[in-house]
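Understanding the architecture of this molecule
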Amino acid sequence: MRIVIVGGGVMGCATALELARRGVKDVVVLERAVPGAEASSAAAGMLAAQIESRDEEELDRFVTAREAYAGWAVSLREATGIDIAHRRSGVLALARSEDALAQMRQSVDLQRARGLRAEIVDAAGARAIERELCDGLAGAAYYPDEAQVDPPQLLRALVVATSRAGVVIRGGTTVSTLVTEGGRCVGVALDEREITRADVVILAAGSWSSLVPGVPAELPKVRPVRGQLVLLEERPPRLGTILFEGHAYVVPRGDGRVICGSTMEDVGHRREVTAAGVHSILGAALAVAPRLAEAEVVRSWCNFRPSVVSAQGTPLVGASPLPGLFLATGHHRNGILLAKVTADAVASAVLA
Ligand SMILES: Cc1cc2nc3c(=O)[nH]c(=O)nc-3n(C[C@H](O)[C@H](O)[C@H](O)COP(=O)(O)OP(=O)(O)OC[C@H]3O[C@@H](n4cnc5c(N)ncnc54)[C@H](O)[C@@H]3O)c2cc1C
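For every chain, the first residue of its written sequence is number 1, and the numbers climb from 1 along that sequence. Predicted model: local features are reported for residues with pLDDT of at least 70 only, side-chain atom pairs are reported and counted for 80 or more only, and whole-chain, interface and lining totals are derived from all residues. To get the side-chain values, take all heavy atoms of the structure and skip hydrogens and water.

A closer look at the overall build of the protein
Labels follow the DSSP assignment, with helices taken as runs of H or I lasting at least four residues and strands as runs of E lasting at least two, numbered in each case from the N terminus. In terms of regular secondary structure, the protein is built from nine helices and 19 strands. In terms of overall dimensions, the protein is globule-like: its C-alpha atoms have a radius of gyration of 21 Å, near the 20 Å expected for 352 residues. With respect to the principal axes defined by its C-alpha atoms, the protein has extents near 65 × 40 × 40 Å. Any residue under 20% of the maximum accessible area for its type is buried, any over 50% is exposed, and the rest in between are partly exposed; the area is computed with a 1.4 Å probe on protein chains only. Taken over 352 residues, the protein has a buried fraction of 53%. Contacts are residue-level and defined by heavy atoms, with any inter-residue pair within 4.5 Å sufficient. Sequence separation of at least 24 residues holds for 73% of the intrachain contacts in the protein that already meet a minimum separation of 6. Per element, the accessible surface of the protein, about 14,500 Å² overall, is 52% carbon and sulfur. Just so you know, the count uses Lys and Arg for positive and Asp and Glu for negative, and it drops His and the chain ends. The atoms used to mark charge sites are NZ of Lys, CZ of Arg, CG of Asp and CD of Glu. Between the mean site of the 38 positive side-chain charges and the mean site of the 40 negative ones, the protein shows a separation of 4 Å. In this treatment the radius of gyration is a C-alpha quantity, and the globule benchmark scales as 2.2 Å times the residue count to the 0.38 power. Accessible surface is estimated by sampling points in the Shrake-Rupley manner with a 1.4 Å probe; for residues, cover comes only from the protein chains shown.

This is the structure in structure tokens:
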């Protein structure tokens, strides 16, 4: 069976690896740039299942995805020697008012009832967990099992593991259209008009997925939502826990690097880090951890979350309406978190 995957981000590479692991011999990943060039290496790397889920179904799915990482990190290290820096650094979601804290208490109670670890702490309790917090807090919700990985390391590990498993990754190769014959997707055409035939094509082109010609018109559209990030370095390292306030977050890597994010912008694929973006990100970060004011600004970047335009915004995973075409795209803010479980689901759908 020949399988062609369009896109070499975390979705394309993780799915290729899983297919190879299940015995598929002929898997090719076609990547326009280099593997991990886009959202997947740009992400903050939080595995924030309890913070990011919006309902109980999503909570279960996200927690399963987070827990899948423990074994995956070990197997990637064994296969490649690369450490993806999987750490249960925990999350503190900060509340500045009693009203905000009461709302958090509802979600914490619900999660505890489902057997998850979560607790409400007062300001002193929050500071006992993370010394560097701001003043003026009513309290916080603490989720000790939330975790993180280092996305560039994850992508490096995936590329090495897939290559060693026999997958061919072709960088610098743009798919110009899906090829359909007799109502079935039978391959892809490349820039130079070369056609690559395949039994199965998997669309994993991230926020560009709806721009690949030949994608069925009835599929929900995937649009880009730009996010900007700023990397700080604190010496010596002080922060240890991921901090959230609203959509703003601070992700300490544990070695002095601190990723601060982010924006959610509907500006198409405009690749710009803006003054307003950096201003709001650093303002929010310093508001939760004031000593970050002394940290060095190392760099800033942006990329594009693949966001599904539908009422629920649910990712597109598995079979599509076009026979021969499968989907692994549209994971918006949580594509790193959902990578392993998506790869498993897509491989199962393809091999069913
Ligand atoms: C600022 C920011 C912070 C984030 N933080 C987190 C986080 O903390 N935790 C989390 O879980 N998620 C996070 N995400 C979301 C996560 O990064 C994405 O959901 C995930 O990386 C999407 O992976 P992907 O493989 O679908 O897309 P991408 O990584 O964008 O990969 C798609 C690939 O397809 C290639 N491609 C496109 N068109 C073609 C074509 N025609 N031919 C060949 N190749 C093509 C592109 O070059 C690209 O490499 C964040 C995203 C952003 C932008």
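What follows picks up the thread again.
Topic: unusual backbone geometry
Backbone torsion omega between Arg235 and Pro236 reads -5 degrees, so that peptide bond is classified as cis. Tracing the backbone through its elements, the reader meets Pro236 in the loop between strand E13 (222-233) and strand E14 (242-245). That bond from Gly261 to Ser262 is cis: its omega, -20 degrees, falls within 30 degrees of zero.

Points about the nonpolar core
Of all hydrophobic cores here, the largest spans 47 residues; its most connected members are Ile5, Leu19, Tyr69, Leu76, Leu154, Leu158 and Ile202. Once you skip the residues sitting within four places of it in the chain, Ile5 turns out to touch Gly12, Thr15, Ala16, Leu19, Val27, Val28, Val29, Leu30, Ile202 and Ala204. Here, nonpolar core refers to any group of buried Ala, Val, Leu, Ile, Met, Phe, Trp, Tyr and Cys residues whose side-chain atoms link them within 4.5 Å.

Overview of the site of the ligand
Summary of the distance rule: residues count as near a molecule or strand when at least one heavy atom falls within 4 Å of that molecule or strand. As a matter of local geometry, the ligand sits amid 39 residues, with Glu31, Ser40, Met46, Arg333 and Leu337 nearest to it. Two N or O atoms form a polar contact when they lie within 3.5 Å of each other; inside protein one atom must be a possible hydrogen donor and the other a possible acceptor, and for residues adjacent in sequence the pair counts only when both atoms belong to side chains. Arg32 places a polar main-chain atom, nitrogen or oxygen, 3.1 Å from a nitrogen atom of the ligand. Here an oxygen atom of the ligand and a backbone polar atom of Ile336 are 3.0 Å apart. Contributing elements (two or more residues each) for the shell around the ligand: helix H1 (10-21), helix H2 (39-42), E13 and strand E17 (296-308). Residue contributions to the shell around the ligand peak at four residues, all from E17.

Brief notes about the pairing of strand E4 (residues 91-95)
Working note: regular strand, side chains alternate between the two faces of the sheet. The element E4 is extensively covered by neighbouring structure, given that five of its five residues are classed as buried. Residues Val91, Ala93 and Ala95 of E4 are buried on one face, and the alternating residues Leu92 and Leu94, pointing to the opposite face, are buried as well. Pairing between strands is defined by DSSP: at least two bridges between them are needed. Across five bridges, E4 lies against strand E6 (residues 139-143) in antiparallel orientation. Opposite Leu92, over in E6, you have Tyr142 as the bridge partner.

Focus on the sheet that holds strand E8 (residues 168-170)
Strand pairing in a sheet relies on backbone hydrogen bonds, with the paired strands running either antiparallel or parallel. The strand order across the open sheet formed by six strands is E8-E2-E1-E12-E19-E18, and the pairing between neighbours is mixed. Across the chains shown, the open sheet's two edge strands, defined by having one partner strand only, are E8 and strand E18 (316-319). Ignoring which end each strand starts from, the neighbouring axes of this sheet average 20 degrees apart. Along the sheet, H1 contacts strand E1 (2-6), strand E2 (26-30), strand E12 (200-203) and strand E19 (325-329); its crossing angle with E1, the most-contacted strand, is approximately 165 degrees. Structural elements are reduced to axes, namely lines fitted to C-alpha atoms, with helices fitted over the stretch in contact, and the angle between N-to-C directions of any two is expressed from 0 to 180 degrees.

Digging into helix H7 (residues 151-164)
Residue pairs three or four apart in sequence face the same way in an α-helix, which turns once every 3.6 residues. Between the first and last residue of a helix there are one fewer steps than residues, each counted as 1.5 Å, and that sum is the expected span. With 14 residues, H7 should reach 20 Å at 1.5 Å per residue; the first-to-last C-alpha distance of 20 Å fits that figure. Listing the buried residues of H7 in full gives Pro151, Leu154, Leu155, Ala157, Leu158, Ala161 and Thr162. Seen end-on, H7 carries its buried residues on one side only, within an arc spanning 160 degrees. Along its buried surface, H7 packs onto H1, H2, helix H4 (56-80) and E8. To obtain the arc, one takes the directions from the helix axis to the C-beta atoms.

A closer look at the packing of aromatic side chains
Aromatic ring pairs are reported here in terms of the distance separating the ring centres and the angle at which the planes meet. Only the six-membered ring of Trp is used, alongside the rings of Phe and Tyr, when aromatic pairs are assigned; centres must lie within 6.5 Å, and planes under 30 degrees apart are stacked while those over 60 apart are edge-to-face, with the rest tilted. In the structure shown here, the tally under the stated rule is three aromatic pairs. Ring plane angle 85 degrees and centroid distance 6.1 Å describe the contact between Trp208 and Phe304, whose orientation is recorded as edge-to-face. Here Trp208, found in the loop between E12 and E13, pairs with Phe304, found in strand E17; they are 96 residues apart in sequence, far enough to count as distant. Neither Trp208 nor Phe304 differs from the other in exposure class; each is buried. Judged by centre distance (5.7 Å) and plane angle (45 degrees), the ring pair of Phe244 and Tyr249 falls under tilted. Look at Tyr249 and you get buried, because its relative accessible area is 7%. Put simply, a charge is over a ring when the Lys NZ or the Arg CZ is close to the ring centre, within 6 Å, and near the line of the ring normal, within 35 degrees. The ring centre of Trp208 lies 4.5 Å from the NZ or CZ of Arg32, which sits over that ring. The ring of Trp301 has Arg299 sitting right over it, with the charged end atom 4.0 Å from the ring centre.

Observations regarding the pairing of E18
Of the strand pairs in this sheet, E18 and E19 are connected by four bridges, and their pairing is antiparallel. Within the sheet, the bridge partner assigned to Gly318 lies in E19 and is Leu327. Count of turn residues in the E18/E19 antiparallel hairpin: five residues, of which Gly324 carries a positive phi of about 90 degrees.

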